[in-house]
Every structure is written in C-alpha cells, then in structure tokens.
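Each chain, letter by letter, is given below.
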Amino acid sequence: MDQTIFKRMIESLSQNRLVLPAFPQAALRARAVAGSAGASAISVAREIAKDPALSARILKVANSSLFGFSFNTGSLQQAISRVGLEHTKTLVTNFALMQLMTPPRGAYGSLIRSIRDHSIEVASLAYVICEKGHAFNSNKGLLGGMLHDVGYLPLIQFAKSEPDSVLTDARFIPSLKELHTQAGNLLLMYWQFSPELVEVVSAHEIIDCRMDEPVTLRDVIALANAVANEPDSAARGILLSSPLAAKLACTELTEVDYNRMAEVRQFFS
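Residues numbered from 1 in each chain as written. Predicted model: local features only at pLDDT ≥ 70, side-chain atom pairs only at ≥ 80, totals over all residues. Heavy atoms only, no water.

Let us now look at the overall build of the protein chain. Within the protein chain, the secondary structure is distributed over 17 helices and 0 strands. What you see for the protein chain is a C-alpha radius of gyration of 19 Å, in line with the 18 Å of a compact globule of 269 residues. Overall, the protein chain is about 55 × 45 × 35 Å in size when its C-alpha atoms are taken along their principal axes. The buried share of the protein chain, taken over its 269 residues, is 50%. Counting only carbon and sulfur atoms, one obtains 53% of the accessible surface of the protein chain, whose full area is about 12500 Å². Between the centroid of the 25 positive side chains of the protein chain and the centroid of its 26 negative side chains there is a distance of 8 Å. (Helix = DSSP H or I, 4+ residues; strand = E, 2+ residues; numbered from the N terminus. Rg over C-alpha atoms; globule rule 2.2 N^0.38 Å. Buried < 20%, exposed > 50% of the residue type's maximum accessible area, 1.4 Å probe, protein only. Areas by Shrake-Rupley, 256 points an atom, 1.4 Å probe, with all protein chains shown as cover. Lys, Arg positive; Asp, Glu negative; His and termini not counted. Charge placed at Lys NZ, Arg CZ, Asp CG, Glu CD.)

Rendered as structure tokens:
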C-alpha cells in the first residue's frame, strides 16, 4: 500500500495544518444554553426549536420506549423535562455528531458509515455497561461512545480525493489507528470539549486500569470499544473477565443486555 498519503497526514498533524470539521452551530448553542447556570426546559426548548430536525429527534427519543412513559408528547418543552437537561445536552451532541457522520455515496461515504456504525455500537454498549454496573453516568457513556473515534473524520476527509483503490483497501482504516487518537485530541480541543472527553479520544485503546482509582469515562469506553471490536464470543468472554470489566462491575453480557443495547440504538435511527 502506498505510504505517501500517511506521510502527508503525519506532516499535517505535526504542523497543525489538518483541516478540522466545525461542530454544527445549532448544537453548540443548545449545548451552551443547557449547560448554563440558569438553564431551564423552556430556555433549552426555545433554542432547540430553531432547528426543526433537532427538535424532531428530541421528541422522538422522549417518546421512545426507553423512557417508559405511558403517553406521547408533542411539546418540546415537556420532552426536555422528561429526559432532563443533562440528557438533552448529550442527545444534542450525539445528533450533531450523526450529522457530521452522514455518509455520502462512494468509497469515502462507506468509510464514514463504518466509523458511524461502530461509534453507535460502542455508545449503546457503554450505556448498558454504565446501567449494569452502576459505576458511571449512562448519559456520559453514550456521549463518550459516539465521540471516541471522531479523530478518524478529519483523516478520512484528508484522503477524500484519493483514488477509490486507496479508500477501499482493507488496510486503510487500521493504518490510521495510531493517528486517529492524535487527530481526535486536536478536534475536541478545537471544539472546546471537556478534558474528560479529550481523554476518551486520546486513550480509549488502552484497556489497562488502576483498580484503586475511581471509575472514569475512559475506562467505560475502553471496555466498550474493546468488546465491540471483538466479534468472537470466546474472546469477548476474556475481555469481560479482565480487571477493567471487574472494576466496572460488568463481567457478562446477557440477552437482556443486548436487547437493551438495541433499545439505545433507537436514539440514532
């Protein structure tokens, strides 16, 4: 495989010349309002209502079986009250990421789709790990899962004009593994996301942990990512018997857990 493109990527990264995608403005504004000291369902609904697509997604999630309400609502304010401000903030961010990961046609689109689908799998698994072990906030697990591989986006964008033979080469995405954490680190700092989330994109490939330290979001995403990347059930069993799994109190995944993951994936449908 031609290594020229990777040399150019490394050069762009080292010289801070890699083009980084902007975070959707509507989502940034909604996040800012939801995270402000005087935030309320009314103020957040007013901001989200400016984006019809975002409004529709929030309503769909609030009316989903995941929250178990006996009746549907058509009120955005009531929907936000149902799910809570913090969860609304997470959903807004996730939907914005889905917008960034909307795949066009062709080989380039196929790469974006593969990253998006894997991110959804990790996000749903992280959510269930947090629920199952009661070791960390499920909303943060959902967000960390969607963000963990975001560093692939600018790298794939960098290679967009390359021949399809490069983009369809099975070695292409694996060859970016070392670079995507660096790119993700730069991207989240550019978006001004929290150090906690920066740590997720920088160190989610490391499954080692300190048992004497509190559970972190990085711990959750590291286990979810490792399990999602392992199709073999026996190998998954080994991962779920690791010290990290014990720390997160998630040493098995049952049919109930996989059904719960399917429910969580409805967030992104």
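Moving on to the environment of proline 243. Looking at the secondary structure, you find proline 243 in helix 16 (residues 243–247). A relative accessible area of 52% means that proline 243 is categorised as exposed. For proline 243 and tyrosine 258, which are 15 residues apart along the polypeptide, the C-alpha to C-alpha distance reads 22 Å. Apart from the residues lying within four places of it in its own chain, the contact partners of proline 243 are Cys209 and Met211. (Contact = heavy atoms within 4.5 Å.)

In this section: the packing of aromatic side chains. All chains considered together, the criterion is met by 4 aromatic pairs. Aromatic pair phenylalanine 6 and phenylalanine 172: ring centres 6.0 Å apart, planes at 35°, arrangement tilted. Here the residue phenylalanine 6 occupies a position in helix 1 (residues 4–14), and phenylalanine 172 occupies one in helix 11 (residues 172–175), the gap between them amounting to 166 residues. On the basis of relative accessible area, phenylalanine 6 is assigned to the buried category, the value being 6%. (Phe/Tyr/Trp six-rings, centres within 6.5 Å; stacked < 30°, edge-to-face > 60°.)

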